[in-house]
Amino acid sequence: MTPTATVPAGKHAEVWAALEALTDPEIPVVTLRELGILRDVRDGPGGGIEVVITPTYSGCPAMGQIEDDVHSTLAELGIEARVVTQLAPSWTTDWMSEAAKDKLRAYGIAPPQCGSHGSGGEISVMRFSARAAAPDIVPCPQCGSKNTTETSHFGSTACKALYRCLDCLEPFDYFKPY
Amino acid sequence: MGAQATTATAAAPLDYLLHLADNALILGQRNAEWCGHGPILEEDLALANNSLDLIGQARLLYQYAAQIKGNGATEDTLAYFRDVPDFRNYTLLELPHRAPLAATVAGDRDYATTIVRNFLYSALMALLWERLQGSPDAHLAAIAAKSLKEVRYHLRHSRDWLVRFGDGTDESHARAQSALDHLMPYTQEFWTASAHETAACQAGAGVDAGELRTDWNTLVDSALAEATLKRPSDKGYVTQGKHGVHSEHLGFVLAEMQSLARAHPQATW
């Protein structure tokens, strides 16, 4: 599934162009579109424009900021728009573009190592929760070494885990498959 | 979803949504108590994340419930301005983080109780959210799809610690067994449908948790075996939290959680 809509002509194009610059409030090197958070720009039912965003984790506290950023960016251009939050299809790290992953890595955050379904293909609760399953092998974004270890499966934000590199000894965030 | 006739757009009844939302909110509130007090830094982070996920799920459910309720209801009025008898969460989730007869000082929080409770609840919700993904109520199905991914991380976290505690030192094993003995009877409440769960199933939108019991037992038994813990009896008084009849603990949880909103009911920021 392509993560982003093709940019249409006309006023929608103007809105897309304006929103293109909006980055994730926590990760200023990737845009909302690249992350798959910004889903669509369309005509609203009562006239006017609707911008569709989708939340990442249920409790992500950045979504409020993202909605504000969309409003203020468009207000500056005199465009009135409604921000609509769409829950389905459910946001997944599978929508992250390769370009976005490269940017994350350059920024010091290791991008998701596998698809949201894990290496097994099928989502399996039993297998997913098995103690024997090792955490993902994540290359260090600083030095590239695969000799890394998970410090905590939960990190600075809902979407990240904390790892450290056993070669260069630097800690780093890992963007978890979701 | 049962053999009852369903309509393509069967909407989940309000009370069923509140049951799901209240579960998430009350456990989220309880787990947040560890914030700043975790036994180690990584667990402080883990429970803060767990709590954030749960409160996020609660918000999504309350927003949907408020939409259905109408009449000026919002996620805030539902979370902050209902009283104990209106809450529909399982009693298991409102219990403090300690063994039943421990002293009341906050320093007596017991992490084994936290982990065992999280495991028993996450094991249920992993199965329930997976089934609810197929609900003809599209909004509820969408919330289920997100919540499922998050609860799988919660399940993995609590199961890992359950095994580490059980198959750990004599002390960790004793505390884990004690927590399990204390909490297992509270899980009886999962299995007999309340009126609102029955209504939700009849509408086609809900899932009868009783149908999940076998799979839940499989999950629990395998974890306990690995943790070298004995499965205790779950017999005894069946708690009635989802019917609005709560333990003595919920009042204190709500007092703390709701006091600020109730002191300044018109406040916004």
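Residues numbered from 1 in each chain as written. Chains lettered and ligands numbered in written order. Predicted model: local features only at pLDDT ≥ 70, side-chain atom pairs only at ≥ 80, totals over all residues.

**Remarks on the overall build of chain A**
Consideration 1: From N to C terminus, chain A includes five helices and seven strands.
Consideration 2: For chain A, the sequential pattern of α-helices and β-strands runs α-α-β-β-α-β-α-β-α-β-β-β.
Consideration 3: Here chain A holds 178 residues, and the buried ones make up 35% of them.
Consideration 4: For chain A, contacts bridging at least 24 residues in sequence account for 53% of all contacts bridging at least 6. (Helix = DSSP H or I, 4+ residues; strand = E, 2+ residues; numbered from the N terminus. Buried ≥ 20, exposed ≤ 12 C-beta atoms within 10 Å, placed from the backbone. Contact = placed C-beta atoms within 7 Å.)

**Quick look at the overall build of chain B**
Consideration 1: Within chain B one finds nine helices and zero strands.
Consideration 2: The C-alpha atoms of chain B give 18 Å as radius of gyration, which agrees with the globular expectation for 269 residues (18 Å, within 12%).
Consideration 3: A principal-axis box enclosing the C-alpha atoms of chain B has dimensions of 55 × 45 × 35 Å.
Consideration 4: Expressed as a percentage of the 269 residues in chain B, the buried residues total 52%.
Consideration 5: Expressed as a percentage of contacts within chain B between residues at least 6 apart in sequence, the contacts between residues at least 24 apart total 76%. (Rg over C-alpha atoms; globule rule 2.2 N^0.38 Å.)

**Section: the sheet that holds strand β5 (residues 148–152) of chain A**
Within a sheet, adjacent strands bond to each other through the backbone by hydrogen bonds, running parallel or antiparallel.
Residues and elements named next belong to chain A.
Consideration 1: Taken in spatial order, the four strands of this open sheet run β4-β7-β6-β5, and their pairing is mixed. Only two strands of the sheet have a single partner each, and these edge strands are β4 (109–110) and β5.
Consideration 2: Of the strand pairs in this sheet, β4 and strand β7 (residues 171–175) are connected by two bridges, and their pairing is parallel. Bridge pairing links Ile109 to Asp173 in β7. (Pairing = 2+ DSSP bridges.)

**Some points on the domain arrangement of chain A**
Note: interface size is frequently given as the accessible area lost on complex formation between the parts.
Residue and element names in this part refer to chain A.
Consideration 1: With domains assigned, chain A is organised as domain 1 (11–85) and domain 2 (108–175).
Consideration 2: At the interface, six residues of domain 1 touch four residues of domain 2.
Consideration 3: Broken down by class, the residue content of the side of domain 1 that touches domain 2 amounts to three nonpolar, two polar and one charged. (Domains from an automatic or database assignment. Nonpolar A, V, L, I, M, F, W, Y, C, P; charged D, E, K, R; others polar.)

**So, the interface of chain A and chain B**
Consideration 1: Counting residues at the interface gives 18 residues for chain A, matched by 29 residues for chain B.
Consideration 2: For the side of chain A that touches chain B, the secondary structure elements donating two or more residues are α5 (125–128) and β5 of chain A.
Consideration 3: Per-class residue counts for the side of chain A that touches chain B are nine nonpolar, eight polar and one charged.

**Brief notes about unusual backbone geometry**
Consideration 1: With an omega dihedral of -5°, the bond running from Ala88 of chain A to Pro89 of chain A counts as a cis peptide bond.
Consideration 2: For Pro89 of chain A, the position within the fold is in the loop between β3 (81–85) and α4 (98–107).
Consideration 3: Backbone geometry places Asn71 of chain B, a non-glycine residue, at a positive phi of 55°.
Consideration 4: Here Asn71 of chain B is to be found in the loop between α2 (41–69) and α3 (75–80).
Consideration 5: Unlike most non-glycine residues, Thr228 of chain B shows phi in positive territory, near 55°.

**Description of the sheet that holds strand β1 (residues 38–43) of chain A**
Residue and element names in this part refer to chain A.
Consideration 1: Strand order across the open sheet formed by three strands is β1-β2-β3, with mixed pairing between neighbours. What marks the edges here is a single partner per strand, and that holds for β1 and β3. For this sheet, the mean inter-axis angle between neighbouring strands, taken without regard to orientation, is 25°.
Consideration 2: Summarising the sheet, strand β2 (residues 49–53) and β3 pair through five bridges and their orientation is parallel. In the strand pairing of β3, Glu50 is matched with Arg82.
Consideration 3: Docked against the sheet, helix α1 (residues 11–19) engages β1, β2 and β3, running at close to 150° with respect to β1.
Consideration 4: Seen against the sheet, helix α3 (residues 62–76) touches β2 and β3 and runs at an angle of roughly 160° to β3. (Axes fitted to C-alpha atoms, helices over the stretch in contact; angles between N-to-C directions.)

**Remarks on the nonpolar core**
Consideration 1: If you look at the biggest cluster of nonpolar residues, it comprises 118 residues, and the most contacted ones within it are Ala21, Leu61, Val116 and Leu162 of chain B.
Consideration 2: It is helix α4 (residues 111–132) of chain B that provides the largest number of residues to this core, a total of 15 residues.
Consideration 3: Lining this core are residues from two domains, each supplying at least three of them: domain 1 (11–85) and domain 2 (108–175) of chain A.
Consideration 4: Residues within four places of Leu162 of chain B in sequence aside, it is in contact with Ile115, Val116, Phe119, Ala176, Ala223 and Ala227 of chain B. (Core = buried A, V, L, I, M, F, W, Y, C linked by C-beta atoms within 7 Å.)

**Here we look at the packing of α4 of chain B against helix α8 (residues 213–226) of chain B**
All names here are of chain B.
Consideration 1: Packing of α4 against α8 brings their axes to within 9 Å, and their N-to-C directions diverge by 140°. In terms of orientation, α4 lies oblique with respect to α8. Read as a crossing pair, α4 and α8 show a hand that is right-handed. Contact with α4, carried on its side by Phe119, Ala123, Leu124 and Leu127, involves Asp215, Trp216, Leu219, Val220 and Ala223 of α8 and no other residues of that element. (Parallel < 35°, antiparallel > 145°, perpendicular 65-115°, else oblique. Left-handed = near helix turned anticlockwise from the far one by under 90°.)

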